[in-house]
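Working through the structure, step by step
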Amino acid sequence: MTREELVKAVWEEQHRQHGLVRRKHHGGKGSHGEHDRPPHAPDHRPPARQEHLLHILKKNPSINQKDFAEKVHVRPQSLGEMLTKMEENGLIVRRKDPSDGRAILVDLTPAGKAAEQAHHEKVQKDIEARYSALTDEELAEYLRLTQKINETLETEQQAE
């Protein structure tokens, strides 16, 4: 595994761990609502929660809104409110599922894809800087330990 792949894998495992811990503390449901951006943050970027949603949409194009809510561990109503804001900002588009008229599909717009790409590039720089103090061997060990913790958290949640 190259260092770049190792750093990405560690970051993904930490991100997964954050979600697992958040679900555990919220009774398996995750967080509700949107996290506010600090007052000093630039106005042209979506709020942090929206950036996360853009990333999920990039990985899951044309996702059913109900499935999307389950994937991000929020109530469908909370997700609907966030998606309305994102739609108003031109980041996403919602449309009826042609195979199920009751279901709604969510996709990124070109502006949403650009916002997600800009966020992705920023995150890449941040994580590369975060792990620069570790050697490749230390990073591999950190990945192994993080995966072990995540497996334990998942096993506990499946038992609940």
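In this report, we go over the structure that sits alongside the text. (Residues numbered from 1 in each chain as written. Predicted model: local features only at pLDDT ≥ 70, side-chain atom pairs only at ≥ 80, totals over all residues. Heavy atoms only, no water.)

**A look at the nonpolar core**
To keep it simple, the criterion reads: What makes a nonpolar core is a set of buried Ala, Val, Leu, Ile, Met, Phe, Trp, Tyr and Cys residues whose side-chain atoms join them at distances within 4.5 Å. Relative accessibility thresholds used throughout: buried, under 20% of the residue-type maximum; exposed, over 50%; partly exposed, between the two (1.4 Å probe, protein chains only). Think of it this way: any DSSP run of H or I at least four residues long counts as a helix, any run of E at least two long counts as a strand, and we number them from the N terminus. Residue contacts are defined here by distance: any two heavy atoms, one from each residue, within 4.5 Å place the two residues in contact.
Grouped together as the largest cluster of nonpolar side chains are 18 residues, with contacts concentrated most on Phe68, Leu79 and Ile92. Mapped onto this core, the elements with two or more residues apiece are helix H2 (48-59), helix H3 (65-72), helix H4 (76-88) and strand S3 (100-108). For Leu79, the residues in contact, after removing those within four places along its chain, are Leu53, Gln65, Phe68, Ala69, Val72 and Val74.

**Describing the pattern of salt bridges**
Where charged atoms from two side chains of opposite charge come close, those side chains can pair. As a reminder, the rule being used: Between Lys or Arg on one side and Asp or Glu on the other, a salt bridge is scored when a side-chain nitrogen of the former is within 4 Å of a carboxyl oxygen of the latter.
Enumeration according to the criterion identifies ten salt bridges in this entry. Between Arg3 and Asp136 there is a salt bridge, with its nearest N and O atoms 2.5 Å apart. Remark: Asp136 occurs in helix H6 (residues 136-159) and Arg3 occurs in helix H1 (residues 3-25); sequence separation between them is 133 residues. Looking at Arg3, the relative accessible area reads 27%, which means it is partly exposed. Where Lys58 meets Glu116, a salt bridge forms, and the shortest distance between an N and an O atom there is 3.5 Å. Of this pair, Lys58 sits in helix H2 while Glu116 sits in helix H5 (residues 110-130), and the two are 58 residues apart along the sequence. Since its relative accessible area comes to 2%, Glu116 is described here as buried. Several salt bridges converge on common partners, so that one network encompasses Glu13, Arg16 and Glu154.

By themselves, these figures tell us nothing about what the structure is for.
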